[in-house]
Amino acid sequence: MIVIGKTGDRREIGLPLKYANRHGLVTGSTGSGKTVSLQLLAEGFSRAGVPVFAADVKGDLSGIAKAAEARGKAQDRAEGMQIEWWPEATPTRLWDVHKVHGLPVQTSADRIGPLILGRMLGLNQIQDGTLAIAFKRAADNGHGHLDLDDIRSELADMLDLRAETCSTYGNITASSISAIQREILALEAQGAADLFAEPGLDIRDLMEVRDGRGVVNLLHADTLMESPKLYACLLLWLLTELFRVLPEAGDLEKPKLVFFFDEAHLLFRDAPPKLLQTIERVVRLVRSKGVG
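Residues numbered from 1 in each chain as written. Predicted model: local features only at pLDDT ≥ 70, side-chain atom pairs only at ≥ 80, totals over all residues. Heavy atoms only, no water.

Undergrad: Sorry, what's going on with the overall build of the protein chain here?
TA: Broken down by element type, the protein chain carries 10 helices and nine strands. Projecting the C-alpha coordinates of the protein chain onto the three principal axes gives extents of approximately 75 × 35 × 30 Å. Buried positions account for 45% of the 292 residues belonging to the protein chain. Long-range pairs, those at least 24 residues apart, make up 74% of the contacts in the protein chain between residues at least 6 apart in sequence. Surface accessibility of the protein chain: about 14,700 Å² in total, with carbon and sulfur atoms responsible for 53%. (Helix = DSSP H or I, 4+ residues; strand = E, 2+ residues; numbered from the N terminus. Buried < 20%, exposed > 50% of the residue type's maximum accessible area, 1.4 Å probe, protein only. Contact = heavy atoms within 4.5 Å. Areas by Shrake-Rupley, 256 points an atom, 1.4 Å probe, with all protein chains shown as cover.)

In structure tokens, the structure reads:
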């Protein structure tokens, strides 16, 4: 069990590892200790050999990468609560979509796929169909979509050869293609171009265990919070990749990986409703893969 604290009568409060693939929620007012609780849980999972992925919104979580000093308020509080405490560093890896504060989080547009990309762009059903045709047409012609420019070029080519495209793949309209192009432009304004590159992230890179301790993967997210579509879709892609790659696991003695969504009330605030519904569905499904 990961001990989080103690009650007034010295009873331990904690999370049994075998229940950690059940999804949980930590709430409280500003300054009540939500982020510290997240740190304690992340450190506990790491000690138990469980890798962790967390979005570091305010830069607070990265402190677990360095050992504290056994003195001051932390030491006094541990002694007052009769908790055995020792400072130690937790194995940590930093990630950053914009490639400034950590390792690159990137993938190709083909790996994202038309379904998730359509959610990212907030497309309607007709526009979703047009985007799916663009991906199918490129695959049939032996072309790949690495980035948004490739998709933009494919859409322009479809418009130039509209009659041929319609006869082979179904009806497309100039208005739908124009709408997708506009949404791509808006997405690029949020910094989405940094997400699309090779070599792509292997989802197994987030599941490293080092010397018996799970690595805590921290995503630098202060600028991503200003790009809700990009942020939400990135997390959806990561969860979808986990669901695709991992085998069914059921109830385990401890989870294979734990995801934390810090500041979740801000994270999905302006994301499109269809995107939120898809994320909610994938989050429910991924529990059966041993992910909490």
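Undergrad: Can you walk me through the confidence of the model for the protein chain in this structure?
TA: Fine structural detail should not be taken from predicted coordinates in areas where pLDDT scores are low. Model confidence for the protein chain is summarised by a mean pLDDT of 86, while 99% of its residues fall at 70 or above. Within the protein chain, the lowest mean pLDDT, 73, falls on helix α9 (residues 264-267), and the highest, 94, falls on strand β7 (residues 213-214). (pLDDT = per-residue confidence, 0-100.)

Undergrad: I'm lost on the layout of surface pockets in this one. Help?
TA: With a probe scaled to a water molecule rolled over the atoms, the places where space remains empty come into view. Here the largest pocket defines a volume of roughly 1,100 Å³. Elements supplying a minimum of two residues to the lining of the largest pocket: β1 (2-6), β2 (12-15), α1 (34-47) and α2 (72-80). The biggest single contributor to the lining of the largest pocket is α1, with six residues. Class assignment for the residues of the lining of the largest pocket results in 15 nonpolar, eight polar and nine charged. Within this model, the second largest pocket holds a volume of roughly 990 Å³. Taken together, 35 residues form the lining of the second largest pocket, with Gly24, Leu25, Val26, Phe259 and Phe261 sitting closest to its centre. At the level of elements, β2, α1, β9 (258-260), α9 and α10 (273-286) are the ones that each hand at least two residues to the lining of the second largest pocket. (1 Å grid on protein atoms, 1.4 Å probe; cavity = no way out; pocket = protein on both sides within 12 Å on 5 of 7 lines; lining within 4 Å. Points joined across faces, edges and corners; volume = space filled by probe spheres on them. Nonpolar A, V, L, I, M, F, W, Y, C, P; charged D, E, K, R; others polar.)

Undergrad: Would you take a moment to explain the sheet that holds strand β8 (residues 216-220) for this structure?
TA: Either a parallel or an antiparallel arrangement is found when strands of a sheet pair, and the pairing is made through backbone hydrogen bonds. With parallel pairing, five strands are arranged side by side in an open sheet as β5-β4-β8-β3-β9. The sheet is open, and its two borders are formed by β5 (103-104) and β9, each paired with just one other strand. Summarising the sheet, strand β4 (residues 92-96) and β8 pair through four bridges and their orientation is parallel. Opposite threonine 92, over in β8, you have valine 216 as the bridge partner. Of the strands in this sheet, β3 (52-56), β8 and β9 are in contact with α1, which crosses β9 at around 165 degrees. (Pairing = 2+ DSSP bridges. Axes fitted to C-alpha atoms, helices over the stretch in contact; angles between N-to-C directions.)

Undergrad: Any chance you could explain the side chain of glutamine 106 here in plain terms?
TA: With respect to the element layout, glutamine 106 can be found in the loop between β5 and α3 (109-121). Relative accessible area serves as the criterion here: at 6%, glutamine 106 is assigned to the buried category. A distance of 2.9 Å separates a polar atom in the side chain of glutamine 106 from the backbone oxygen of proline 199. Sequence-distant contacts of glutamine 106, defined by excluding residues within four places in its chain, comprise Lys99, Asp194, Leu195, Ala197, Glu198, Pro199, Gly200, Leu201 and Trp237. (Polar contact = N/O pair within 3.5 Å; in protein donor to acceptor, adjacent residues only side chain to side chain.)

Undergrad: Is there a simple way to think about the pattern of salt bridges in this case?
TA: Should the charged atoms of two oppositely charged side chains come close, the side chains can pair. Inspection of every chain in the model, using the stated rule, returns 15 salt bridges. Here aspartate 202 makes a salt bridge to arginine 204, at a shortest N to O gap of 3.5 Å. Aspartate 202 sits in the partly exposed class, given a relative accessible area of 32%. Lysine 289 is paired through a salt bridge with glutamate 248; the nearest N and O atoms lie 3.7 Å apart. Taken together, the residues span a long stretch of sequence, with lysine 289 in the segment after α10 and glutamate 248 in the loop between α8 (228-245) and β9 at a distance of 41 residues. Overall, glutamate 248 belongs to the exposed group, its relative accessible area being 57%. Salt bridges sharing common partners tie together Arg47, Glu88 and Arg213. (Salt bridge = Lys/Arg side-chain N within 4 Å of Asp/Glu carboxyl O.)

Undergrad: So what exactly am I meant to see when it comes to the pairing of β4 here?
TA: Residues in a regular strand point their side chains to alternate faces of the sheet. Across the five residues that make up β4, a large majority, four, are buried. Inspection of the sheet shows β4 paired to β5 by two bridges, in the parallel sense. Paired with tryptophan 95 across the strands is leucine 103, a residue of β5.

Undergrad: Can you walk me through the packing of aromatic side chains in this structure?
TA: Each aromatic ring pair is summarised here by two numbers: the centre-to-centre distance and the angle between the ring planes. Under the definition given, this model contains three aromatic pairs. Ring centres of phenylalanine 45 and phenylalanine 260 lie 6.4 Å apart, and the angle between their planes is 55 degrees; this geometry places the pair in the tilted category. Here phenylalanine 260 lies in strand β9 and phenylalanine 45 lies in helix α1, a separation of 215 residues in the sequence. The buried category is assigned to phenylalanine 260, whose relative accessible area is 14%. An aromatic cluster of three or more residues is present, and its members are Phe53, Phe259 and Phe261. Above the ring of phenylalanine 243, the side-chain terminus of lysine 289 is found at 4.6 Å from the ring centroid. (Phe/Tyr/Trp six-rings, centres within 6.5 Å; stacked < 30°, edge-to-face > 60°. Lys NZ or Arg CZ within 6 Å of the ring centre and 35° of its normal.)

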